[in-house]
There are 2 protein chains.
Amino acid sequence: MINYPNGQKTKSFKTYSPSCPKKPTNFAKRGMSFEEDINATNEYYLSQEIAVIHKKPTPIQIVHVDYPARSRAKITEAYFRQASTTDYSGVYKGRYIDFEAKETNQKQSFPLKNFHHHQIEHMKAVLKQEGVAFILLHFSSRLETYYLPASKMVEFYEENKGLKSMPLDFIQKYGFLLPNQQIPRIPYIEIIRNQIGGGLNS
Amino acid sequence: MINYPNGQKTKSFKTYSPSCPKKPTNFAKRGMSFEEDINATNEYYLSQEIAVIHKKPTPIQIVHVDYPARSRAKITEAYFRQASTTDYSGVYKGRYIDFEAKETNQKQSFPLKNFHHHQIEHMKAVLKQEGVAFILLHFSSRLETYYLPASKMVEFYEENKGLKSMPLDFIQKYGFLLPNQQIPRIPYIEIIRNQIGGGLNS
């Protein structure tokens, strides 16, 4: 038995489907992907001491590691695993912040297949602990990004058993359109700031 | 250029030194490692809806991925990367919780080489955002686990430039000895609960 540094042993895992295929350059976005925009936003918030938000590392199932003499350990067999939580978390003014970010090239609705059941369960658990939970939905063809409170996401998901796409007008009714701006690119903390005092999760 | 699912490209990384060598079975702990104890504690907190705390995945630098036809993507070359944040984070009653857990077999002091400079920087950033930040220090030979507020850790680290070991009496003076118990094994939320109202980070 090999003891991996993270304490994991070989076990079964789910098949991973890459959800971010290579996209054509979008000049309106200066060629940055949605994920890169979020990461740049988080770096900005960190550098300005506005919030500390990080993307979690991609979970990897390690099967085999070589330990060559006088050299670093080399992983020679590993697989992508499905994340059991959302991708981003951190702290803003003492509060726990938790979100998932997804994009679509559809124009009128957001496919829910982008979300896994255990991510929904995670959002519910965070909401019960009064964390600030939401999703960022990017419509690449519309160049629009919305902030949707996780409570609305959970509500829609459970009503439709995760099968239906979420219509744009639902997102527009319960969510917040983020302004298009340069610095930071995805100013989601502004939404949280405006929400404080008015019920953060609804 | 290969686009990896986490958006990372091949870049330089630091050498990884496994920090958890295989330990002999400790019957007083029923053969569970400190990390397993923490994970079991977090599962307990999650199942009882007391808190939602997760360990972050180990950061891996992916260099090469095979995509065999009709099969899952297989990572064939990858390396361990140094974590840029602490290992555990989550939410308890709306508050952001962040900690690192380390163990030693020394009896009178805790070596600071177990902590990286950027982890200390992360703790400082979290403290500035009023997150609840601490470290769990396990003395395996003493069978004792201490909760030490991150503010004290940062203070000691900066005074000693990360060079000195932290003496046990410093940890005992500013930290909290966790009770030895079965469920949960590492009841750190109790400490946080007792601290609320009395200045969480000092």
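Residues numbered from 1 in each chain as written. Chains lettered and ligands numbered in written order. Predicted model: local features only at pLDDT ≥ 70, side-chain atom pairs only at ≥ 80, totals over all residues. Heavy atoms only, no water.

Digging into the pairing of strand 8 (residues 144–149) of chain A
Residue and element names in this part refer to chain A.
Thought 1: Extensive coverage of strand 8 is indicated by the burial of 6 of its 6 residues.
Thought 2: Residues Glu144, Tyr146 and Leu148 point to one face of strand 8 and Thr145, Tyr147 and Pro149 to the other, with burial holding for every one of them.
Thought 3: Relative to strand 8, strand 7 (residues 132–139) is paired through 6 bridges, and the arrangement is antiparallel. Within strand 8, the position partnered with Phe134 by the bridge is Pro149.
Thought 4: Counting the residues that bridge the hairpin from strand 7 to strand 8 gives 4 residues, and of these Leu143 lies at a positive phi of roughly 55°.
Thought 5: For strand 8 and strand 10 (residues 176–177), the ladder comprises 2 bridges, and the chain directions are antiparallel. (Buried < 20%, exposed > 50% of the residue type's maximum accessible area, 1.4 Å probe, protein only. Helix = DSSP H or I, 4+ residues; strand = E, 2+ residues; numbered from the N terminus. Pairing = 2+ DSSP bridges.)

Section: the interface of chain B and chain A
Thought 1: At the junction of the two partners, chain B supplies 50 residues and chain A supplies 50 residues.
Thought 2: At the boundary of chain B with chain A, the tally comes to 2 salt bridges.
Thought 3: Salt-bridge contacts for Lys128 of chain B lead to Glu49 of chain A; the nearest nitrogen and oxygen are separated by 2.9 Å.
Thought 4: Along the contact surface separating chain B from chain A lie 14 residue pairs in polar contact (both at pLDDT 80 or more).
Thought 5: At the level of elements, helix 1 (34–47), strand 1 (52–55), strand 2 (60–66), strand 3 (74–80), strand 4 (88–92), strand 5 (95–104) and helix 2 (117–128) of chain B are the ones that each hand at least two residues to the side of chain B that touches chain A.
Thought 6: Ranked by the residues each element gives to the side of chain B that touches chain A, the list is headed by strand 3 of chain B, at 7 residues.
Thought 7: Of the residues in the side of chain B that touches chain A, the class split is 22 nonpolar, 14 polar and 14 charged.
Thought 8: Inspection of the sheet shows strand 3 (residues 74–80) of chain A paired to strand 3 of chain B by 2 bridges, in the antiparallel sense. Considered in strand 3 of chain B, the bridge of Ile75 of chain A is made with Ala78 of chain B. (Contact = heavy atoms within 4.5 Å. Salt bridge = Lys/Arg side-chain N within 4 Å of Asp/Glu carboxyl O. Polar contact = N/O pair within 3.5 Å; in protein donor to acceptor, adjacent residues only side chain to side chain. Nonpolar A, V, L, I, M, F, W, Y, C, P; charged D, E, K, R; others polar.)

What to know about the packing of helix 2 (residues 117–128) of chain A against helix 3 (residues 150–159) of chain A
Residue and element names in this part refer to chain A.
Thought 1: Axis separation between helix 2 and helix 3 bottoms out at 10 Å; the angle between their running directions is 135°. The angle between helix 2 and helix 3 places the two elements in the oblique class. Of the two possible hands of crossing, helix 2 and helix 3 adopt the one that is left-handed. On helix 3, the residues touching His117, Ile120, Met123, Lys124 and Leu127 of helix 2 are Ala150, Ser151, Met153, Val154, Tyr157 and Glu158. (Axes fitted to C-alpha atoms, helices over the stretch in contact; angles between N-to-C directions. Parallel < 35°, antiparallel > 145°, perpendicular 65-115°, else oblique. Left-handed = near helix turned anticlockwise from the far one by under 90°.)

Points about the pattern of salt bridges
Thought 1: Counting across every chain of the model gives 18 salt bridges over all chains.
Thought 2: Residues Arg193 of chain B and Glu190 of chain B are paired through a salt bridge, measuring 2.6 Å at the closest nitrogen-oxygen approach. Here Arg193 of chain B pairs with Glu190 of chain B, and both are found in helix 5 (residues 188–195), just 3 residues apart, close to one helical turn.
Thought 3: For Arg193 of chain B, a relative accessible area of 36% gives the class partly exposed.
Thought 4: One continuous salt-bridge network, built from bridges that share partners, spans Glu121, Lys124 and Glu158 of chain A.

So, helix 5 of chain B
Thought 1: Where helix 5 of chain B is concerned, the buried positions are Tyr188, Ile189, Ile191, Ile192 and Gln195 of chain B. For helix 5 of chain B, the angular spread of the buried residues around the axis is 155°, confining them to a single face. (Arc of directions from axis to C-beta.)

Description of the UniProt feature "binding site: Mg(2+)" (unreviewed entry) in chain A
All names here are of chain A.
Thought 1: The feature "binding site: Mg(2+)" (unreviewed entry), as annotated in UniProt, sits at Thr85, Asp87, Glu100 and Gln119 in this numbering. A compact arrangement is adopted by the annotated residues: their sequence extent is 35 residues, whereas the largest C-alpha distance between any two is 9.4 Å.
Thought 2: Relative to the assigned elements, Glu100 resides in strand 5 (residues 95–104).
Thought 3: If we skip the residues at most four places from it in the chain, Glu100 touches Thr85, Thr86, Asp87, Phe115, Gln119, Met123, Phe134, Ile135 and Leu136.
Thought 4: A distance of 2.7 Å separates a polar atom in the side chain of Glu100 from the backbone nitrogen of Asp87.
Thought 5: Along the polypeptide, Gln119 turns up in helix 2.
Thought 6: The class for Gln119 is buried, based on a relative accessible area of 2%.
Thought 7: Not counting the four nearest positions on each side in its chain, Gln119 is found in contact with Ala83, Thr85, Thr86, Glu100 and Asn114. (UniProt positions renumbered as here; feature names shortened; annotations may be inferred.)

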